[in-house]
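# Structural overview for review
Listed here are the chains, written in short residue letters.
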Amino acid sequence: MDNELDDLYQQVILDHNKNPRNFGSIPIKTHSLKGHNPLCGDLITINLLIENDVIKDISFEGNGCAISKASASIMTTLVKGKTVQEAMEIFDQFHELITSDMDEEIDTENLGKIAVFAGVKQYPSRIKCANLAWHTLKNAIENKNSVVTTDK
Ligand code: ZN
């Protein structure tokens, strides 16, 4: 990874940690699910309003480390207004990004903001922090009504 992406990673994480987007509750919700990362202590709730297969509104609540919060914040901005299918495609891209080999070429251009999470691979113990919001989103959409834990 080059230093430019590394700096961008730090900046984006700090920015979203300080000013999380879509943080709090939403007035109407169709889905709500808690996610827990016991390794770090991150505990977040994803709230969704899905109508006609479109994510009309989304928010997250809870407490976690900077990476889990920034990841949740960025996730909400990326999937808001998207169809469920589009959101799941973004989920797949993100998942591939942070689980692929260090040496693998990543097409960061198509990924936009989530490309900065390639930086998380330098800190393997933090991958679950970055993953938490995304897995919680997926499970909420699939209506799995139990607490999501990344500790699998
Ligand atoms: Zn964490």
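Scroll up a little and you will see the structure.
First, a word on scope: everything that follows refers to the structure included in this document. (Residues numbered from 1 in each chain as written. Predicted model: local features only at pLDDT ≥ 70, side-chain atom pairs only at ≥ 80, totals over all residues. Heavy atoms only, no water.)

The topology assignment puts Ser68 in helix α2 (residues 66–79). Since its relative accessible area comes to 1%, Ser68 is described here as buried. Here Asp42 takes part through its side chain, which lies 3.3 Å from a polar atom of the side chain of Ser68. Leave out the neighbours within four places in its chain, and Ser68 touches Asp42 and Cys129. (Helix = DSSP H or I, 4+ residues; strand = E, 2+ residues; numbered from the N terminus. Buried < 20%, exposed > 50% of the residue type's maximum accessible area, 1.4 Å probe, protein only. Polar contact = N/O pair within 3.5 Å; in protein donor to acceptor, adjacent residues only side chain to side chain. Contact = heavy atoms within 4.5 Å.)

Turning to the packing of helix α3 (residues 84–99) against helix α5 (residues 127–141), a few remarks are in order. Contact geometry of α3 with α5 gives a least axis separation of 11 Å together with a crossing angle of 155°. Considering the angle they form, α3 stands roughly antiparallel to α5. Between α3 and α5 lies a crossing of left-handed hand. Counting all contacts with α3, which are made through Val84, Met88, Ile90, Phe91, Phe94, His95 and Ile98, the residues of α5 involved are Ile127, Ala130, Asn131, Trp134, His135, Leu137, Lys138 and Ile141. Looking at side-chain class alone, the contact of α3 with α5 contains 11 nonpolar, 3 polar and 1 charged residues. (Axes fitted to C-alpha atoms, helices over the stretch in contact; angles between N-to-C directions. Parallel < 35°, antiparallel > 145°, perpendicular 65-115°, else oblique. Left-handed = near helix turned anticlockwise from the far one by under 90°. Nonpolar A, V, L, I, M, F, W, Y, C, P; charged D, E, K, R; others polar.)

What follows covers α3. Relative to the 22 Å expected for 16 residues at 1.5 Å per residue, α3 spans 22 Å between its end C-alpha atoms, a close match to the ideal helical length. Listed as buried for α3 are Val84, Ala87, Met88, Ile90, Phe91, Phe94, Leu97 and Ile98. (Expected span 1.5 Å × (residues − 1).)

With that out of the way, let us pick up the environment of Lys69. Mapped onto the elements, Lys69 comes out in helix α2. Along the primary structure Lys69 and Asn19 are separated by 50 residues, whereas in three dimensions their C-alpha atoms are 9.8 Å apart. Once residues within four sequence positions are removed from consideration, Lys69 is found in contact with Asn17, Pro20, Phe60 and Gly64.

Reference values for angles at a metal are 109.5 degrees in the four-donor tetrahedral case and 90 or 180 degrees in the six-donor octahedral case. Surrounding the zinc ion are the protein donor atoms Cys40 (SG), Asp42 (OD), Asp42 (OD), Cys65 (SG) and Cys129 (SG), at 2.2 to 2.6 Å. For Cys65, a relative accessible area of 16% gives the class buried. (Donors = N, O, S within 2.8 Å, 3.2 Å for Na, K, Ca; no water.)

Counted according to the given criterion, the structure contains 4 salt bridges. Its salt-bridge partner being Asp57, residue Lys80 comes within 3.6 Å of it at the nearest N-O pair. Placement of Lys80 in the loop between α2 and α3 and of Asp57 in strand β3 (residues 54–63) is noted, with a sequence separation of 23 residues between them. A residue is classified by how much of its surface remains accessible, and Lys80, at 35% relative accessible area, is partly exposed. Of the residues examined, Asp57 reaches a relative accessible area of 17% and is grouped as buried. Between Lys138 and Glu142 there is a salt bridge; the shortest N-O distance is 3.5 Å. Exposure remark for Lys138: the relative accessible area of 26% places this residue in the partly exposed category. For Glu142, a relative accessible area of 38% corresponds to the partly exposed category. (Salt bridge = Lys/Arg side-chain N within 4 Å of Asp/Glu carboxyl O.)

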